[in-house]
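Read off the chains here:
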Amino acid sequence: MPAAADALARVFALTLHVLERTGAAARLAALPVPVAPEARPLAAVLFAATAILLLYASLASGGDVRVRSFRAATLLSACALPLAALRLLPGPGGPALGGAAVVLVVLASVAHRALSSGRSEGTASRFVSRVRLLFEGLGLSLSAVALALVLSGRALPARLAFWSLFLLRLSIADLIDPSRLAAGTGLTRSAARDVKSAMGRSPRAPRPARRLRRAASGAAKGALLALWLALPLAAALARGEVAAGAWPPEALHLRWYPPAALALTALLLLGQALRALRDHRLLDAARGAAVGLGTAAWLFLLFRDPAFEAQRHALPALVLAETVAGFLFGAAARGR
C-alpha cells in the first residue's frame, strides 16, 4: 500500500505541476473562496474529478449489463471521493487522494469510450446537447452584435470579439476534437491495423520481415497520434516551462501551434460548410461558415489590431479549453 500511495502522490504531483506551469494554480489562488490557497489545487482536482465521474454516470444510459455496471461503479466513485476527502483532509493523504481522483477519471474515460456501442441516448446526453445549443446561441448573438458594430463603423471591443468566438468554438468543439480529427484522417485506424498485423492477428499473417515493418509503422503512427493529442497541452505549458528553465527557449515556438490550429480548423469548417451546402444541409452549412469565418476574422484582428494584442497570450488556454470541451461534448454524443 505505501508503494501505491507513493505512486498516486506522484500522479498528483504531475497534475499540480501542470496547473502551476499553465498558470491555473495562480488563478485558483486568486479566487475569493473559503479554502486555504495551498489547498485549492487539490480541492479543484477533487471537484473536477467528482463532476466528471457524475457526468459519466449520468451518460451511462441503457439496459446493457456492462453499461449498468459502469454506471454503478462511477456513481460509487463520485460519492466516495468527497467522503474520502472529509476523512483524509487535512493530512498527509491528500496527494495520494488527488492522484487517485486523476486515475479514476482516466479509467472511467477509457471505459466510457469502450462502452459507446452499448449506450443509448438518455436525459443527460440531451441536457448536454441543449447546453451546447445554448453556447451556440449566445455565441451567434454576440457575433451579430460585433458584426453590427463593425458595419456601423464603431469600435469593436476586444472582449466582445473574444467571447463571441469562444462560445461559438465551444459549441462545435466536439467536431474539431483532435481525437475525432485523427480518426477522420484514418490515422487511428491505420495504426490499429498495423499493430494487429504485427501481432499476427490479421486474416493472413505476414512474414517476419513484413511483420517487423508493420510494427515499426504502427509505433511511428501511434507516436504521431500521441504527439498530435499532446500538442494543445504542450503549447499551454511552454511559456511556464521555459520561464522556469525546465525547457529550452526553442520550446517557445510552440506558441505558434494555437493560431495554426485555429486557422486549420477554420479552413476545415469552411470546407465542411461547402460540402453541407452542396448536400442542401443549409443549417449545417451556416453553422460551419459562421464559426470558420469568425475564427479567421478574429485571427486577423489578433495580429493586425493593437487592441487585440493582449489576447494572443490567451490562445493556448483557448485551444486547451476547446480540446477539453470537445472531449466532454464528444463523450455525450458517442451513444448509439
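Nothing here was measured: the structure is a model prediction, and the numbers come from that model.

A. Representation of the overall build of the protein chain in the model. The number of helices and strands found in the protein chain is 13 helices and 0 strands. Shown N-terminal to C-terminal, the secondary structure of the protein chain runs as helices and strands in the order α-α-α-α-α-α-α-α-α-α-α-α-α. Counting only residues that meet the buried cut, the protein chain has 36% of its 336 residues in that class. Across the protein chain, contacts joining residues at least 24 apart in sequence account for 68% of those joining residues at least 6 apart. Accessible surface computed for the protein chain: about 19100 Å², of which carbon and sulfur atoms make up 69%.

B. A look at the packing of helix 3 (residues 40-59) against helix 5 (residues 94-114). Orientation of helix 3 relative to helix 5, taken along the N-to-C sense of each, is 25 degrees, at an axis distance of 9 Å. By the criterion of interaxial angle, the relationship of helix 3 to helix 5 is roughly parallel. Handedness of the crossing formed by helix 3 with helix 5: left-handed. Only Gly-94, Leu-97, Gly-98, Ala-101, Val-102, Leu-104, Val-105, Ala-108, Ser-109 and His-112 of helix 5 make contact with helix 3, whose side of the interface consists of Leu-42, Val-45, Leu-46, Ala-49, Ile-52, Leu-53, Tyr-56 and Leu-59. Grouping the amino acids of the contact of helix 3 with helix 5 by side-chain chemistry returns 14 nonpolar, 4 polar and no charged.

C. Molecular detail of helix 1 (residues 2-21). Counted at 1.5 Å a residue, the expected span for helix 1 with its 20 residues is 28 Å, and the 28 Å between its end C-alpha atoms agrees. The complete set of buried residues in helix 1 reads Phe-12, Thr-15 and Leu-19. Take helix 1 and look down its axis: the buried residues cluster within an arc of 55 degrees, on one side only. Turned more than 90 degrees off the buried face of helix 1, the exposed positions are Pro-2, Ala-3, Arg-10 and Leu-14. Buried residues in helix 1 make contact with helix 2 (24-29), helix 3 and helix 5. Positioned one or two residues after helix 1, Gly-23 has a phi angle of 85 degrees, which is positive.

D. Representation of the confidence of the model for the protein chain in the model. This prediction gives the protein chain a mean pLDDT of 79; 85% of its residues lie at or above 70. Helix 8 (residues 178-185) is the least confidently modelled element of the protein chain, averaging 60 in pLDDT, while helix 4 (residues 65-88) averages 89, the highest of any element.

E. Just the side chain of Thr-295, in detail. Assignment of secondary structure puts Thr-295 in helix 12 (residues 282-304). A distance of 2.7 Å separates the side chain of Thr-295 from the backbone oxygen of Val-291, its partner in a polar contact. Discounting chain neighbours no more than four positions away, the residues touching Thr-295 are Leu-165, Arg-169, Leu-262 and Ala-266.

F. The nonpolar core, seen in detail. If you look at the biggest cluster of nonpolar residues, it comprises 20 residues, and the most contacted ones within it are Leu-46, Phe-70, Leu-81 and Ala-101. When residues of this core are traced back to their parent elements, those giving at least two are helix 1, helix 3, helix 4 and helix 5. Looking at which element gives the most residues to this core, the answer is helix 3, with 6 residues. Excluding its chain neighbours within four sequence positions, the residues that come into contact with Leu-46 are Leu-81, Ala-85, Leu-89, Leu-97, Gly-98 and Ala-101. Membership of the second largest hydrophobic core comes to 19 residues, among which are Phe-162, Ala-261, Leu-302 and Ala-325.

G. View of the packing of aromatic side chains. Scanning the entire structure with this criterion turns up 5 aromatic pairs. Pairing Phe-162 with Trp-298 gives two aromatic rings, centres 5.9 Å apart and planes at 50 degrees, and the pair type is tilted. Pair noted here: Phe-162 is in helix 7 (residues 158-171) and Trp-298 is in helix 12, with a separation of 136 residues, a long-range link. Each member of the pair, Phe-162 as well as Trp-298, is classed as buried. By the ring-pair criterion, three or more aromatic residues cluster together here, those being Phe-162, Trp-163, Phe-166 and Trp-298.

H. Examining unusual backbone geometry more closely. In this structure, His-280 is a non-glycine residue whose phi angle is positive, near 65 degrees. Within the element layout of this structure, His-280 appears in the loop between helix 11 (257-278) and helix 12.

I. Structural detail: the pattern of salt bridges. Scanning all chains against the criterion turns up 4 salt bridges. Across the pair Asp-279 and Arg-281 runs a salt bridge, and its minimum N-O distance is 3.7 Å. Among the residues examined, Asp-279 registers a relative accessible area of 49% and is labelled partly exposed. By relative accessible area, Arg-281 is classed as partly exposed at 39%.

Thresholds applied
Counting restarts for each chain: residues are numbered from 1 in the order of the written sequence. The model is predicted, so local features are restricted to residues of pLDDT at least 70 and side-chain atom pairs to those at 80 or more, both for listing and for counting; the totals for chains, interfaces and linings are taken over all residues. Only hydrogens and water are set aside when side-chain values are computed; all heavy atoms of the structure are taken into account. A helix here means a DSSP run of H or I that spans at least four residues, while a strand means a run of E at least two residues long, and both kinds are numbered starting from the N terminus. Here's how the labels work: a residue is buried when its accessible area is under 20% of the maximum for its type, exposed when over 50%, partly exposed in between, all with a 1.4 Å probe on protein chains only. For this analysis, residues touch if any pair of their heavy atoms sits within 4.5 Å. All accessible areas in this document rest on Shrake-Rupley with a 1.4 Å probe, and a residue is counted as covered only by the protein chains that are shown. The angle between two axes is taken between their N-to-C directions and runs from 0 to 180 degrees, where each axis is a line fitted to C-alpha atoms and a helix contributes only its stretch in contact. Between 65 and 115 degrees an angle is taken as roughly perpendicular, under 35 as roughly parallel, over 145 as roughly antiparallel, and anywhere else as oblique. Crossing chirality is assigned from the near helix's rotation relative to the far helix, an anticlockwise turn below a right angle marking it left-handed and a clockwise turn marking it right-handed. Residue polarity is assigned by list, with Asp, Glu, Lys and Arg as charged and Ala, Val, Leu, Ile, Met, Phe, Trp, Tyr, Cys and Pro as nonpolar; anything else, Gly included, falls into the polar class. Given the number of residues in a helix, its expected span is that number minus one, multiplied by 1.5 Å. The arc in question is traced by the directions running from the helix axis to the C-beta atoms. The predictor rates its confidence in each residue with pLDDT, a number between 0 and 100. N or O atoms closer than or at 3.5 Å make up a polar contact, with two conditions inside protein: a donor-capable atom paired with an acceptor-capable one, and, for residues adjacent in sequence, both atoms drawn from side chains. Among the buried residues, those of types Ala, Val, Leu, Ile, Met, Phe, Trp, Tyr and Cys that are joined through side-chain atoms within 4.5 Å form a nonpolar core. A pair of aromatic rings is counted whenever rings of Phe, Tyr or Trp (Trp by its six-membered ring) have centres within 6.5 Å, and the orientation is called stacked for planes under 30 degrees apart, edge-to-face for over 60 and tilted otherwise. We count a salt bridge whenever a side-chain nitrogen from Lys or Arg sits within 4 Å of a carboxyl oxygen from Asp or Glu.

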